[in-house]
Amino acid sequence: MGSLEQNAPAGRGMGVETVAGILREEIPIANNLTPGAAVMDGSQQQNSGVNHHHEVSVMAAAGNGLKKRVTIPLPLEVGTRVLCRWRDGKLHPVKVIERRKLNSGPDDYQYYVHYNEFNRRLDEWVKLDQLELESVEADADEKVEDKAGGLKMTRHQKRKIEETHAEEGHEDFDAASLREHEEFTKVKNISKIELGRYEIDTWYFSPFPPEYSDCSKLFFCEFCLSFVKRKEQLARHMRKCDLKHPPGDEIYRQGSLSMFEVDGKKNKIYGQNLCYLAKLFLDHKTLYYDVDLFLFYILCECDDRGCHMVGYFSKEKHSEEGYNLACILTLPPYQRKGYGKFLIAFSYELSKKEGKVGTPERPLSDLGLLSYRGYWTRILLDILKKHRGNVSIKELSDMTAIKTEDVITTLQTLELIQYRKGQHVICADPKLLERHLKAAGRGGLDVDASKLIWTPYKEQGG
Ligand SMILES: [Zn+2]
């Protein structure tokens, strides 16, 4: 699996991302399209008709090597599959997810497209002239998806589906859950936020209440996480807001770093605001569940102005499946500084105090998976090195609170394990260990377990 650290995608414009096996530079998206200037046209049935429809004739491949003239009705329907010219100058297959009409001419539509080969972070609005109309595919929407439409699943059912598909990415959603997912996450609405001293470009759709759908930037109070549409409103709020840190107990302090535990039941609004905020940077996570059932662990950098949120993870108060982490996020300005690994390490320290093994809820985001793989590799291989391989999988799991399945998968990926006579055997060649450890990069910030002042959650008052 090579050098994860170097290949890890980071905030926009900083890292590289593996796309279909190729390393591709991530460049900031030119976002020169103001949502306010256009009318969203989600209800295509309503508008598909008489007045607004035009068509173009193009030459398309006819399958027998010849070209034939075909007519493509405009505007393109949502669901159309076509090639689109990306910023690398090349054509890539996309699916039209949404369209909107500009105020000018009847053919003047913009299309929100998803690139099949790329992460949804790169979904964007494009103009008609970026689309290669000759390549429009005839049967736009899959029938499977249509049949499954309207099917609502509980969180548990959804989780079951996700569990049966191990790999991260779109493959792990079946048609129904993908459909539901797309309903909620199609078009990025808020493109920027202000939080503390940072202005941050967002990555994904987040389901803010309808009254926020007319603005593309939101201003957050960095302490209570309430959000408003205008800078003046935020200034007014900051004069009144008396919080200087997350509304919970400080359970860890190490230098200028602090961790706060926030109970979603006692701080509902904070929990909900955090979910809205986090969804802007997380894909594939349903954040629409009840915050009552969760604890939020907020990592902060503290100075004389207060405790500034760096990232967080959430954890179910009671997880039947043994999850010790539900969502994890490091905010973009703080990425690639080792905070993600710190949060992961922290979640395992909590599990150790509980006397349990834990595993993160699936699916993990692309960034989450990379962080976990790096963390597992480093922790497990350090122990193997120390014990010269004389340690069992069960012992590895007991020492680290990492679930045995995750131990096995990690060692299998690194080809450090063999299945012989019905059991797993670890083969820890020192040279191989050293090579993998080097590739996994440095661990970043360590958690000092002696500084954790915490007792596991217990329901209060019977
Ligand atoms: Zn506030």
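Reading the values: the criteria
Residues numbered from 1 in each chain as written. Predicted model: local features only at pLDDT ≥ 70, side-chain atom pairs only at ≥ 80, totals over all residues. Heavy atoms only, no water. Helix = DSSP H or I, 4+ residues; strand = E, 2+ residues; numbered from the N terminus. Buried < 20%, exposed > 50% of the residue type's maximum accessible area, 1.4 Å probe, protein only. Contact = heavy atoms within 4.5 Å. Areas by Shrake-Rupley, 256 points an atom, 1.4 Å probe, with all protein chains shown as cover. UniProt positions renumbered as here; feature names shortened; annotations may be inferred. Donors = N, O, S within 2.8 Å, 3.2 Å for Na, K, Ca; no water. Pairing = 2+ DSSP bridges. Arc of directions from axis to C-beta. Salt bridge = Lys/Arg side-chain N within 4 Å of Asp/Glu carboxyl O. Axes fitted to C-alpha atoms, helices over the stretch in contact; angles between N-to-C directions. Parallel < 35°, antiparallel > 145°, perpendicular 65-115°, else oblique. Left-handed = near helix turned anticlockwise from the far one by under 90°.

1. A few points about the overall build of the chain
When you go through the chain residue by residue, the secondary structure sums to 12 helices and 23 strands. A total of 462 residues make up the chain; the buried ones form 50% of that total. For the chain, the share of sequence-separated contacts (at least 6 apart) that also reach a separation of at least 24 residues comes to 60%. Summed over all atoms, the accessible surface of the chain reaches about 23100 Å², with 51% contributed by carbon and sulfur.

2. Considerations on the UniProt feature "active site" (unreviewed entry) in the chain
Sequence positions flagged by UniProt for "active site" (unreviewed entry) are, in local numbering, Glu361. Tracing the sequence through the fold places glutamate 361 in the loop between strand S21 (359-360) and helix H9 (366-386). Owing to a relative accessible area of 8%, glutamate 361 belongs among the buried residues under this scheme.

3. Examining the coordination of the zinc ion
Tetrahedral coordination by four donors puts the ideal angle at the metal at 109.5 degrees, and octahedral coordination by six puts it at 90 or 180 degrees. Donor atoms from the polypeptide that coordinate the zinc ion comprise Cys221 (SG), Cys224 (SG), His237 (NE2) and Cys241 (SG), at 2.1 to 2.3 Å from the metal. Expressed as a motif, the donor residue spacing for the zinc ion is C-x2-C-x12-H-x3-C. With respect to burial, cysteine 221 and cysteine 224 carry one shared label: buried.

4. Remarks on the pairing of strand S17 (residues 294-303)
Summarising burial for S17: seven of the 10 residues are buried, a large majority. Bridge count for strand S16 (residues 257-263) against S17 is seven bridges, and the pairing is antiparallel. Counterpart to phenylalanine 260 in the pairing with S17 is isoleucine 298. Across 10 bridges, the pairing between S17 and strand S18 (residues 306-316) is antiparallel.

5. Digging into helix H12 (residues 430-440)
Here H12 has its buried residues at Leu432, Leu433, His436, Leu437, Ala439 and Ala440. One side of H12 holds all its buried residues, which, seen down the axis, span an arc of 160°. The exposed residues of H12 that point more than 90 degrees off its buried face are Pro430, Lys431, Arg435 and Lys438. Once H12 finishes, glycine 441 follows within two positions and takes phi at roughly 75°, a positive value.

6. Quick notes on the pattern of salt bridges
Considering all chains together, one arrives at 16 salt bridges under this definition. Lysine 217 is the salt-bridge partner of glutamate 194, the closest N and O atoms lying 3.3 Å from each other. Here glutamate 194, found in strand S11 (residues 192-195), pairs with lysine 217, found in strand S13 (residues 217-220); they are 23 residues apart in sequence, far enough to count as distant. You can call glutamate 194 buried: its relative accessible area is 13%.

7. Quick notes on the sheet that holds strand S15 (residues 249-254)
Pairing is antiparallel in the open sheet, where five strands are placed in the order S15-S16-S17-S18-S20. The two strands at the open ends of the sheet, each matched to only one other strand, are S15 and strand S20 (328-330). Neighbour to neighbour, the strand axes of the sheet diverge by 20° on average, direction disregarded. Against the sheet, helix H8 (residues 339-354) engages S15, S16, S17, S18 and S20, with an angle of about 50° to S18.

8. Here we look at the sheet that holds strand S12 (residues 198-201)
Taken together, the four strands give an open sheet; going across it, the order is S12-S11-S13-S14, and neighbouring strands pair in mixed fashion. Of all strands in the sheet, those bounded by a partner on one side alone are S12 and strand S14 (227-228). Across four bridges, the pairing between S11 and S13 is parallel. Paired with lysine 192 across the two strands is lysine 217, which belongs to S13.

9. Focus: the packing of H9 against helix H10 (residues 393-400)
Between H9 and H10, whose axes approach to 11 Å, the crossing angle comes to 120°. Classified by the angle their axes make, H9 and H10 are oblique. As for the relative orientation of H9 and H10, their crossing is right-handed in sense. For the pair H9 and H10, contact is made by Ile379, Leu380, Ile383 and Leu384 and by Leu396, Met399 and Thr400, respectively.

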